Amino acid sequence: MKAPVCLLAIVSSAAMLWAHGAVAAGTADNISDLLTKIGSVSATPTQAEYSRELQKSVNQAAVLAVARDCAQQKGAKMPATFTLVGMMRIDGTLNAPFPAPDNAFGTCVASNIIATHFPLPPGEGKGWPVAIQFDAKTGKAIYVAGDKQSAMPRYSWSAQWVHTPLPPLPPHLTKRCTASVWLSLDKSGRVKSAELGDSECPAAFNTAVVDAAGQWLGMSKEKAATRDSMDLKVSFTAGPVDMRVAP
């Protein structure tokens, strides 16, 4: 199948799946188990190698086609970035992913990304657990759970984070500025809401902070039925060339 025809098929199938209410996400326990698996392989050489392959070889055009189609659906609005969490199967398809944030746009993309093929995973035929952040305007994979981030603190917080995409540094910044964001996590570890707190940073950076933090994912070994939801504050300090994150 030629590329234009394949791309058209992807877009058409996206609309059809959305219309029929394809289910992408399961229960809170399902995603909790998945996050535990992601946490167990994070920061390993295998994860780092697969992350590089994902960011280099993702079919951006196919991801972008799904994102654009979903942005046109009723009640959906395309964000700057979005995250999909799931098990990458041995055929290079992302099986029944969970979206972050969990909204109309994310649900649509998660329901239809099955038509897109990704680089084949490691895992000796068992697949590979992933959380991948995409640029919604290009389809590019820009962050994978477990990637090293010097901005993040070395010590654990009240939430054990698995996936922490960061906002891009504001351009032309001459001095440090700090922006805080309030996060509300549900029992499964996903952010239910992200709201800007105090900020002395440029407006575009404030928007990027809320966009990125709204995709954060926490991990817990407790069952979803026995743990509580959580509200917490996170501060982002941006400088001309670096960033720091603090609880």
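Please refer to the structure higher up on the page.
Counting from 1, residues in each chain are numbered in the order their sequence is written. This being a predicted model, a pLDDT of at least 70 is required before a residue's local features are given, and a value of 80 or more before pairs of side-chain atoms are given or counted; all residues contribute to the totals for chains, interfaces and linings. To get the side-chain values, all heavy atoms of the structure are used, and hydrogens and water are removed first.

Student: Mind laying out the nonpolar core, listing which residues take part and the relevant values?
Tutor: In plain words, nonpolar cores are sets of buried Ala, Val, Leu, Ile, Met, Phe, Trp, Tyr and Cys residues tied together by side-chain atoms within 4.5 Å. Categorising residues by exposure relies on relative accessible area from a 1.4 Å probe, with only protein chains included: less than 20% of the type maximum marks a residue as buried, more than 50% marks it as exposed, and the intermediate range marks it as partly exposed. Among the nonpolar cores identified, the biggest contains 26 residues, and Leu 54, Phe 82, Phe 118 and Phe 134 are the most heavily contacted of them. Secondary-structure elements contributing two or more residues to this core are α3 (45–57), α4 (60–71), β1 (81–88), α5 (104–112), β3 (128–135) and β4 (141–144). In this structure, Trp 161, Leu 173, Cys 201 and Ala 213 belong to the second largest nonpolar core, which totals 21 residues. In DSSP terms, a helix is any run of H or I states spanning at least four residues, a strand is any run of E spanning at least two, and both are numbered starting from the N terminus.

Student: Before we move on, could you go through the environment of His 163 and cite the residues and values that matter?
Tutor: In this fold, His 163 is placed in strand β5 (residues 160–163). In this structure the C-alpha to C-alpha distance between His 163 and Gln 215, which are 52 residues apart in sequence, comes to 7.7 Å. The contact criterion used is simple: two residues touch if any of their non-hydrogen atoms lie within 4.5 Å. If near-sequence neighbours (up to four positions away) are discounted, His 163 is found in contact with Thr 83, Ala 131, Ile 132, Gln 133, Tyr 143, Ala 145, Gln 215, Trp 216 and Leu 217. Here a polar contact means two N or O atoms within 3.5 Å. Within protein one must be a hydrogen donor candidate and the other an acceptor candidate, and residues neighboring in sequence count only if both atoms are side-chain atoms. A polar atom in the side chain of His 163 sits 3.0 Å from the side chain of Thr 83.

Student: I'd like a description of the state of the cysteines, backed by residues and values.
Tutor: Disulfide: a pair of cysteine sulfur atoms within 2.5 Å of each other. On inspection of all chains with the given rule, the structure shows two disulfides. With its sulfur 2.1 Å from that of its partner, Cys 177 forms a disulfide with Cys 201. One quick way to see it: the torsion about the S-S bond of Cys 177 and Cys 201 is about 110°, and its sign makes the bridge right-handed. In this pair, Cys 177 is assigned in strand β6 (residues 177–185) and Cys 201 in the loop between β7 (191–199) and α6 (203–213), connecting sequence segments 24 residues apart. Judged by relative accessible area, which is 4%, Cys 177 ranks as buried. Indicated for the protein chain is the disulfide connectivity 1-2, 3-4, based on numbering the bonded cysteines in sequence order.

Student: Describe in detail the sheet that holds β7, supporting the description with residues and values.
Tutor: Paired strands, as defined in this entry, are two strands with at least two bridges between them according to DSSP. The antiparallel open sheet is built from four strands, whose spatial order is β7-β6-β9-β10. Each end of this open sheet is capped by a strand with a single partner; those strands are β7 and β10 (243–246). Each adjacent strand pair in this sheet contributes to an overall mean axis angle of 25°, direction not counted. Here β6 pairs with strand β9 (residues 230–238) via nine bridges, running antiparallel. Paired with Trp 182 across the bridge in β9 is Lys 233. Across the face of the sheet, α6 comes into contact with β6, β7, β9 and β10 while running at roughly 30° to β6. All axes are obtained by fitting lines to C-alpha atoms, using only the stretch in contact for helices, and the reported angles, taken between N-to-C directions, cover 0 to 180 degrees.

Student: Could you give an account of unusual backbone geometry, with specific residues and numbers?
Tutor: Keep in mind that most residues, glycine aside, have a negative phi and that most peptide bonds are trans. The residue after Ala 100, namely Pro 101, is reached through a cis peptide bond having omega 0°. Examined against the element boundaries, Pro 101 turns out to sit in the loop between β2 (94–100) and α5. Despite not being glycine, Ala 43 shows a phi value in the positive range, around 60°. Counting through the fold element by element, Ala 43 comes out in the loop between α2 (28–41) and α3. Of note in this structure, Glu 124 is not a glycine but carries a positive phi near 55°. Following the sequence through the fold, Glu 124 ends up in the loop between α5 and β3. Judged by relative accessible area, which is 79%, Glu 124 ranks as exposed.

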